[in-house]
Amino acid sequence: MRGGKKMNEFYEAVSNLFEELRCDSGEREYTVQPEEWKEAEKNLKQIQKKLPLHLEKIPEREQNFWNKYLDQLEHFHYEEEQRAYRQMEAGIKKKEKEFYLTIGDNESVDRVYHAVLKDHPEFFWMHNRNQVIKTTYGEGDYCMFSPSYSYTETETQQILQAMSQACQQLDALIPQGADDYVKAQMAYTYLIDTASYQESEDDQSIAGVFWKKQAVCAGYAGAAQYLLDHLGVYCIYVDGDAKNSDQGHAWNIIKLEGEYYYLDATNGCLLYTSPS
């Protein structure tokens, strides 16, 4: 884990931006009321004005990543994409063969699709290697989204059982009254002791970690997010470029006692850091 007080104000601002950009969970209807939307727009603009000042305080090598990431997040204040997010979230959760989205253009669908995958590591039956089919109707106002799923019902049940077992094993390792730092430390240790860095058919999702015990960075980051969510520790999945590498990478940002830190379980795996 890495972090520092210099970045904390920036990460706090980003966290607030997340809250403004995203719809509340299933307790709310797909569309928000006009008064709520106006208030959210007002709050969002106030936060966005402060972000450049926070951005100046973090290392230059990280500014490019955050500029790109925040640019992607900005699109989520659009009501249409928020609604489509919930539609896709519900469809994938139920493993429906096809379902309608009230958006149709490729860029919006792609943003929503990857946001759902990053927010829901438990949707292991749908990962970023799966093929999807989109049929657009009208002038791009809506589409039929047809995902493909990775596992049979028997395999799905086996993976769910492995996930449940992992949570139970982790719970048994954590001392009573442990703070969030200890919980994050134990989750990190559990992941690097459980799985090895290995490319495979399941390496992009938490199924690779908990079921096959083999994964790459996407699997590790999703598994960390899943376990820390189980423990009640704030954690998000992020991806970008790793320093001194020409390959994409995935890791996590967690919040401990009001401060933000990187957590990268992939770098804890000896086969990743030292293949020889």
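The structure displayed is predicted, hence computed values, not measured ones.

Reading the values: the criteria
- Residues numbered from 1 in each chain as written.
- Predicted model: local features only at pLDDT ≥ 70, side-chain atom pairs only at ≥ 80, totals over all residues.
- Heavy atoms only, no water.
- pLDDT = per-residue confidence, 0-100.
- Contact = heavy atoms within 4.5 Å.
- Salt bridge = Lys/Arg side-chain N within 4 Å of Asp/Glu carboxyl O.
- Helix = DSSP H or I, 4+ residues; strand = E, 2+ residues; numbered from the N terminus.
- Buried < 20%, exposed > 50% of the residue type's maximum accessible area, 1.4 Å probe, protein only.
- Phe/Tyr/Trp six-rings, centres within 6.5 Å; stacked < 30°, edge-to-face > 60°.
- Expected span 1.5 Å × (residues − 1).
- Pairing = 2+ DSSP bridges.
- Axes fitted to C-alpha atoms, helices over the stretch in contact; angles between N-to-C directions.

K.L.:
Help me out: how do you make sense of the confidence of the model for the protein in this one?
P.N.:
Any segment with low pLDDT has predicted coordinates that should not be analysed in fine detail. Residues at a pLDDT of 70 or more form 72% of the protein, whose mean pLDDT is 80. Every residue in residues 23-34 is under pLDDT 50, and counting partners more than four places away or in other chains gives 14 contacts. Taken together, the stretch residues 270-276 has pLDDT below 50 and engages in eight contacts with residues farther than four places along the chain or on a different chain.

K.L.:
Where do I start with the pattern of salt bridges in this structure?
P.N.:
When the charged atoms of two side chains lie near each other, side chains of opposite charge can form a pair. Here the structure, examined in full by the defined rule, presents five salt bridges. A salt bridge links E81 to R111, with the nearest nitrogen and oxygen atoms 2.6 Å apart. Here R111 lies in helix α5 (residues 106-119) and E81 lies in helix α4 (residues 79-93), a separation of 30 residues in the sequence. Both residues of the pair, E81 and R111, count as buried. The partner of R86 in a salt bridge is E89, with the nearest N and O atoms 3.0 Å apart.

K.L.:
Where do I start with the packing of aromatic side chains in this structure?
P.N.:
For any pair of aromatic rings, the description rests on two quantities: the centre-to-centre distance and the angle between the ring planes. Under the defined criterion, the tally for this structure stands at ten aromatic pairs. Relative to W211, the ring of Y151 has its centre 5.7 Å away and its plane inclined at 90°; by these criteria the two rings are edge-to-face. Placement of Y151 in the loop between β4 (142-147) and α6 (153-173) and of W211 in the loop between α8 (206-210) and β6 (214-215) is noted, with a sequence separation of 60 residues between them. The exposure class assigned to Y151 is buried, which follows from its relative accessible area of 13%. Residues Y234 and Y260 carry aromatic rings whose centres are separated by 6.1 Å and whose planes lie at 85° to one another, so their mutual orientation is edge-to-face. Linking Y234 in the loop between α9 (217-231) and β7 (235-241) with Y260 in strand β9 (residues 259-263), this pair joins segments that are 26 residues apart in sequence. An aromatic cluster of three or more residues is present, and its members are F123, F124, W125, Y151 and W211.

K.L.:
What is the right way to look at α4 in this model?
P.N.:
Since the α-helix turns once every 3.6 residues, residues separated by three or four places project in the same direction. Its 15 residues place the ends of α4 21 Å apart at the C-alpha level, agreeing with the 21 Å of an ideal helix rising 1.5 Å per residue. For α4, the buried fraction is high: eleven of the 15 residues fall into the buried class. The complete set of buried residues in α4 reads E81, Q82, R83, A84, Y85, R86, Q87, M88, E89, G91 and I92. At the C-terminal side of α4, K95 shows a positive phi close to 55°.

K.L.:
Explanation requested: the sheet that holds strand β2 (residues 99-101) in the structure shown.
P.N.:
Working definition: the strands of a sheet are paired by backbone hydrogen bonds and lie parallel or antiparallel to each other. The antiparallel open sheet is built from three strands, whose spatial order is β2-β4-β3. Looking at the sheet topology across the chains shown, the edges are occupied by β2 and β3 (132-137). Across the sheet, the axes of successive neighbouring strands diverge by a mean angle of 30°, strand direction being ignored. Bridge count for β3 against β4 is six bridges, and the pairing is antiparallel. When the bridges of β4 are listed, V132 appears paired with P147. Sitting on the sheet, α4 touches β2 and β4, and the angle it makes with β2 is about 165°.

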